[in-house]
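Each chain, letter by letter, is given below.
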Amino acid sequence: MKCKLEYIWLDGRAPTQSLRSKTRIEEDFDGSLDAAPMWAFDGSSTEQADGATSDLLLKPVSVFPDPARKNGFLVMTEVLNADGTPHPTNGRATIDDDDDDFWFGFEQEYFLWDTKTSLPPGFPSKGFPRPQGPYYCSVGAENAFGRACVDEHLDQCLEAGLNVEGINAEVAAGQWEFQVFAKGAKAAGDETWIARYLAERNAEKYGYGINWHPKPLGDTDWNGSGMHANFSNGIMRDEGSEDLFTTICEKFGENIHRHIEVYGADNEQRLTGQHETQSIHQFSYGLYDRGASIRIPAATYEAGWKGRLEDRRPASNADPYKVASAIVKTTKEALA
């Protein structure tokens, strides 16, 4: 049986990398990671190499069934140089979490984007729809836009075996969110990128693009899009204490640049101190506070200061690998 393996990777576009993919045909592929061979591509066509040294490698890191292709598989890969070392664009290789002690839940917001109007569905060709308010978790054709596309994406994620824990319509018209949870920072990044890939590919047949920009509607009174990062490690989950969580939050406050640097391009347009954000120029943390840089969830407090934190600063276009890498590093420093 001939199988279609879709090799997926991140290119070298700056400041925001894009997804790339190509199909490889393999005979009687069994769906295991070990059976997925290394492959190569032309890095000069993806802004990752020049023509004289254009051969780069695709190293498979996870494999999922492809819900939209007969005998198909989705192969998430990381980019290596020809000598086998990580390419500079390889954010996954920077994660220091080989024992999967860290758990991550990414809340991925995005806008559906009508390719004919260059606006979200629900927006008229001139002006704006009714002010935001009725669109969050909305029901009804006058409030929810693009549901068929979004529901099909959810089904595809679940059929692929991704641990998507939910979806909802977001605050602005045409804005949606899905949530991915995984044990292990690398696994969380893999699953989030595959979910993004499925979102983009599935939207093609509806005439939609996926707009990952954190503030695609510009300087307006419409919410931007984030990728809130919920995280914990064993000490946070099992031992806890108010002092422990305070120490971690304070360490994040000492490393603002490390995080903002990888939390997404144009994030200053979103982190203004409005629309459930803290200003990019300030740092704060607090119980239940969705206007803080880091929110301490009610569940953590109610469990006796055991559980997770939520960094609300990452933008929707941030690389989850790089976000996780920074969070792991700062948390480990706080607990050293």
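Before reading further, recall that the structure is shown in the block above.
Residues numbered from 1 in each chain as written. Predicted model: local features only at pLDDT ≥ 70, side-chain atom pairs only at ≥ 80, totals over all residues. Heavy atoms only, no water.

Draft legend 1. Molecular detail of the nonpolar core. Of all hydrophobic cores here, the largest spans 61 residues; its most connected members are Phe-104, Leu-162 and Leu-309. Element by element, the count of residues in this core is highest for helix 2 (residues 185-204), at nine residues. If sequence neighbours within four positions are ignored, Leu-309 has contacts with Ala-229, Asn-230, Phe-231, Met-236, Phe-245, Ile-248, Cys-249, Ile-294, Arg-295, Ile-296 and Pro-297. Counting 13 residues, the second-largest nonpolar core is a separate cluster that includes Trp-9, Phe-41, Leu-56 and Val-79. (Core = buried A, V, L, I, M, F, W, Y, C linked by side-chain atoms within 4.5 Å. Buried < 20%, exposed > 50% of the residue type's maximum accessible area, 1.4 Å probe, protein only. Helix = DSSP H or I, 4+ residues; strand = E, 2+ residues; numbered from the N terminus. Contact = heavy atoms within 4.5 Å.)

Draft legend 2. Spatial organisation of the packing of aromatic side chains. Counting across every chain of the model gives 20 aromatic pairs. The interplanar angle of 35° and the centroid separation of 6.1 Å between the aromatic rings of Tyr-135 and Trp-222 together place this pair among those described as tilted. Residue Tyr-135 is located in the loop between strand 6 (103-114) and helix 1 (147-159), and its partner Trp-222 is located in the loop between strand 9 (208-211) and strand 10 (227-232); the two are separated by 87 residues in the primary sequence. Under the relative-accessibility criterion, Tyr-135 is labelled buried at 2%. Ring-pair connections join several aromatic residues into one group, and the members of that group are Phe-102, Phe-104, Phe-106, Phe-231 and Phe-252. (Phe/Tyr/Trp six-rings, centres within 6.5 Å; stacked < 30°, edge-to-face > 60°.)

Draft legend 3. Examining the packing of helix 2 against helix 7 (residues 320-335) more closely. Axis separation between helix 2 and helix 7 bottoms out at 8 Å; the angle between their running directions is 155°. By the angle class used here, helix 2 and helix 7 are roughly antiparallel. Once helix 2 is placed against helix 7, the crossing between them reads as right-handed. Where helix 2 abuts helix 7, its residues Ala-185, Lys-186, Gly-189, Asp-190, Thr-192, Trp-193 and Arg-196 lie against Pro-320, Tyr-321, Ala-324 and Val-328. (Axes fitted to C-alpha atoms, helices over the stretch in contact; angles between N-to-C directions. Parallel < 35°, antiparallel > 145°, perpendicular 65-115°, else oblique. Left-handed = near helix turned anticlockwise from the far one by under 90°.)

Draft legend 4. Layout of the side chain of Thr-46. Looking at where Thr-46 falls in the secondary structure, it is placed in the loop between strand 3 (39-42) and strand 4 (55-65). On the basis of relative accessible area, Thr-46 is assigned to the buried category, the value being 4%. Separated by 2.6 Å, the side chains of Thr-46 and Gln-48 make a polar contact. When residues no more than four places from it in sequence are discounted, the contact partners of Thr-46 are Trp-9, Asp-11, Gly-12, Arg-13, Arg-20 and Phe-41. (Polar contact = N/O pair within 3.5 Å; in protein donor to acceptor, adjacent residues only side chain to side chain.)

Draft legend 5. Region of the structure containing the pattern of salt bridges. Per the stated rule, a full pass over the model turns up 16 salt bridges. Through salt bridges that share partners, Arg-295, Glu-310 and Arg-312 make up one connected network. (Salt bridge = Lys/Arg side-chain N within 4 Å of Asp/Glu carboxyl O.)

Everything listed is a geometric property; what it means functionally is a separate question.
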